[in-house]
Amino acid sequence: MTNDSVIEIPGLDRRRKRRQSLLIEVGVVTLIALLLIIVFPLALSDFRLSLLGRFLALAIAALAIDLIWGYTGLLSLGHGIFFALGGYALAMHLKLAPLEGESLPEFMGLYGVDQLPWFWQPFDSFGFAVFAVIIVPAVVGGLFGYLVFRNRIRGVYFSILTQAATIVFFNFFNGQQKLFNGTNGLTNYQTLLGADVNATRTQFIFYTTTILLLVVSYALCRWLTQGRFGRLLVAIRDDENRVRFSGYNPTGFKVLVFAISAGLAGIAGAMFTLQTGIVSPKAMDIAFSIEMVIWVAVGGRATLVGAMLGALVVNFAKSILSENFAESWLFFQGGLFLLVVTVLPSGIVGWWRYSGYQALLGLFGKHQEVITYPSLEEDPEVQREREEISH
């Protein structure tokens, strides 16, 4: 048998390249995770490491926003609700963990509560609390999404409704002194599974857990945004009516992805609560929900990596500027956002992807790559298709 008789499988090279790309991506993610777990604790002070852990938790929330805004076109300005619900779910267990018998959290005694409310009782179980961290925000998000999307509400009207929902939840939790300690929120945690919550070793475990959850969240979002489901999300973002006319019902897909996004925000809220030691209605403030959107805009919409990068860059910049320019750091922060909107409308990752890399090559005297029709003539896949047609 000669070489000419070998049958080439169309698309084989493409699948091989995808596998190679996936392996490279897995390797890069693993390397970054190991650096964060092993190297950064040695290089950073305890204070900076604690900040990094909190910001990595916020990066999970940024992924949640990018999943629905960047890929599905749903601009939510109320994801602080789900972030706070996840935080409250875990905080309720933390408040009950050190108690014995019929004891109540200290703030309830101050307001004359003499019996633990019925919905607090299941949170005595750590397993139930972990379950609630994900399920409660996901269910609330799914119900809200169903009520909104079945009426085909979208665009700016959807964003306004999410803001209105944020106000409702904020006022509710803010006014429940007996149930959630009102404006003060839930704080003063002591133990979790028998370990001192405030011990350095325990905080490092929380930090490591946050990194692992961020990796899992990234993998989930990466999987959802690839393949047929991912293409359908992008199609809904770009032209929902055409998707509907093609025989798909966008409502179910939008409800599903919104619920998943809400669950991710709940995980972010729980890990942030563990590392800050407090959760309060302030997490449901409209300003905080808008900040989440800004993180994604700065890093780059529909990139996932950009969402995480944006959360880290903006929050570290916010921390450093507030330390060094206590009276004027807000002006610097505002200038950063204006710079991104006017100069980098695609965000940091978008700029690098479309022009930054080519600009860097230009600095070293290399010619920028220009995609022209002759490059199609030299494409091996195009040549193979022509040979198949000619035969």
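Topic: the overall build of the protein
Then step 1. Regarding its fold elements, the protein presents 17 helices and 4 strands.
Then step 2. Burial analysis of the protein (391 residues in total) assigns 40% to the buried set.
Then step 3. For the protein, the exposed surface amounts to about 21800 Å²; the carbon and sulfur share of it is 64%.

Re the packing of aromatic side chains
Then step 1. Throughout the structure, instances matching the rule amount to 20 aromatic pairs.
Then step 2. Measuring from centroid to centroid gives 6.0 Å for Phe149 and Phe258, while their planes differ by 85°, and the two rings are edge-to-face. Pair noted here: Phe149 is in helix α5 (residues 126-149) and Phe258 is in helix α11 (residues 250-276), with a separation of 109 residues, a long-range link.
Then step 3. Residue classification places Phe149 among the buried residues on the basis of a relative accessible area of 1%.
Then step 4. One aromatic cluster in this structure is built from Tyr88, Trp118, Phe119, Phe172, Phe173 and Phe180.

Quick look at the environment of Ile60
Then step 1. By the secondary structure assignment, Ile60 is in helix α2 (residues 46-70).
Then step 2. The sequence separation of Ile60 and Leu264 amounts to 204 residues, and the corresponding C-alpha distance is 6.6 Å.

Considerations on helix α9 (residues 227-238)
The α-helix advances 3.6 residues per turn, and as a result positions three or four apart in sequence lie on the same side.
Then step 1. For α9, spanning 12 residues, the distance from its first C-alpha to its last is 17 Å, which sits close to the expected 16 Å at 1.5 Å a residue.
Then step 2. Here the buried face of α9 lies against α8 (200-224), α10 (240-245) and α11.

Quick word on the layout of surface pockets
Then step 1. The volume enclosed by the largest pocket comes to roughly 850 Å³.
Then step 2. Val29, Ile32, Tyr218, Val305 and Met308 are the residues nearest the centre of the largest pocket, which is lined by 31 residues in total.
Then step 3. Of all elements in the fold, only α1 (12-43), α2, α8, α13 (305-324) and α15 (347-363) reach the threshold of two or more residues within the lining of the largest pocket.
Then step 4. Broken down by element, the lining of the largest pocket gets its largest block of residues, 10 residues, from α1.

Observations regarding empty space enclosed by the protein
Then step 1. What the rule picks out here adds up to 1 cavity of 30 Å³ or more.
Then step 2. In this structure, the largest cavity occupies an estimated 70 Å³ of space.
Then step 3. Contributing to the lining of the largest cavity are Ser76, Gly78, Ile81, Phe82, Val140, Phe144, Thr162, Ala165, Phe169 and Phe258.
Then step 4. Elements with a contribution of two residues or more to the lining of the largest cavity: α3 (80-96), α5 and α6 (156-174).
Then step 5. Classifying every residue of the lining of the largest cavity by side-chain character gives 7 nonpolar, 3 polar and no charged.

Here we look at the side chain of Glu240
Then step 1. Positionally, Glu240 belongs in helix α10.
Then step 2. A polar side-chain atom of Glu240 sits 3.3 Å from a polar atom in the side chain of Arg154.
Then step 3. Excluding its chain neighbours within four sequence positions, the residues that come into contact with Glu240 are Arg154, Ala235, Pro250 and Lys254.

What about the pattern of salt bridges?
Then step 1. Inspection of the entire model under this criterion finds 9 salt bridges.
Then step 2. Across the pair Arg237 and Asp238 runs a salt bridge whose closest N-O atoms are separated by 3.0 Å.
Then step 3. Given the relative accessible area of 30%, Arg237 is considered partly exposed.
Then step 4. Judged by relative accessible area, Asp238 falls into the exposed class, the value being 53%.
Then step 5. Salt-bridge contacts for Glu240 lead to Lys254; the nearest nitrogen and oxygen are separated by 3.1 Å. You can see Glu240 sitting in helix α10 and its partner Lys254 sitting in helix α11, a full 14 residues away along the chain. In this pair, the class of Glu240 matches that of Lys254, namely buried.
Then step 6. Each of the salt bridges in this network shares a partner with another, and the network as a whole consists of Arg154, Glu240, Arg244 and Lys254.

Section: a positive patch on the surface
Then step 1. On the surface, Arg15, Arg18, Arg19, Arg228 and Arg231 cluster together to form a positively charged patch.
Then step 2. For the positive patch, the secondary structure elements donating two or more residues are α1 and α9.
Then step 3. The dominant element in the positive patch, judged by the number of residues it contributes, is α1, at 3 residues.
Then step 4. Turning to its location among the elements, Arg18 is positioned in helix α1.

Focus: the side chain of Ser217
Then step 1. One can find Ser217 in helix α8.
Then step 2. Ser217 gets classed as buried once you look at its relative accessible area, which sits at 4%.
Then step 3. In contact with Ser217, not counting residues within four places along its chain, are Ile60, Leu63 and Leu264.

Structural notes on unusual backbone geometry
Then step 1. With a phi angle near 65°, Asn181 is a residue other than glycine that sits in the positive phi range.
Then step 2. Assignment of secondary structure puts Asn181 in the loop between α7 (177-180) and β1 (186-187).
Then step 3. Among the residues examined, Asn181 registers a relative accessible area of 11% and is labelled buried.
Then step 4. One non-glycine residue with positive phi stands out, namely Leu193, at about 55°.
Then step 5. Relative to the helices and strands, Leu193 resides in the loop between β2 (191-192) and β3 (195-196).
Then step 6. On the accessibility criterion, Leu193 (64% relative accessible area) is exposed.

A few points about a nonpolar patch on the surface
Then step 1. Together, Leu31, Leu34, Leu35, Ile38, Val39 and Phe40 line one region of the surface with nonpolar side chains, adding up to about 510 Å² of accessible area.
Then step 2. Locating Leu34 in the fold gives a position in helix α1.

Rules used in this analysis
- Residues numbered from 1 in each chain as written.
- Predicted model: local features only at pLDDT ≥ 70, side-chain atom pairs only at ≥ 80, totals over all residues.
- Heavy atoms only, no water.
- Helix = DSSP H or I, 4+ residues; strand = E, 2+ residues; numbered from the N terminus.
- Buried < 20%, exposed > 50% of the residue type's maximum accessible area, 1.4 Å probe, protein only.
- Areas by Shrake-Rupley, 256 points an atom, 1.4 Å probe, with all protein chains shown as cover.
- Phe/Tyr/Trp six-rings, centres within 6.5 Å; stacked < 30°, edge-to-face > 60°.
- Expected span 1.5 Å × (residues − 1).
- Contact = heavy atoms within 4.5 Å.
- 1 Å grid on protein atoms, 1.4 Å probe; cavity = no way out; pocket = protein on both sides within 12 Å on 5 of 7 lines; lining within 4 Å.
- Points joined across faces, edges and corners; volume = space filled by probe spheres on them.
- Nonpolar A, V, L, I, M, F, W, Y, C, P; charged D, E, K, R; others polar.
- Polar contact = N/O pair within 3.5 Å; in protein donor to acceptor, adjacent residues only side chain to side chain.
- Salt bridge = Lys/Arg side-chain N within 4 Å of Asp/Glu carboxyl O.
- Patch = residues over 30% accessible without salt bridge, like charges linked within 9 Å, V, L, I, M, F, W, Y side chains within 5 Å.
- Lys, Arg positive; Asp, Glu negative; His and termini not counted.
- Charge placed at Lys NZ, Arg CZ, Asp CG, Glu CD.

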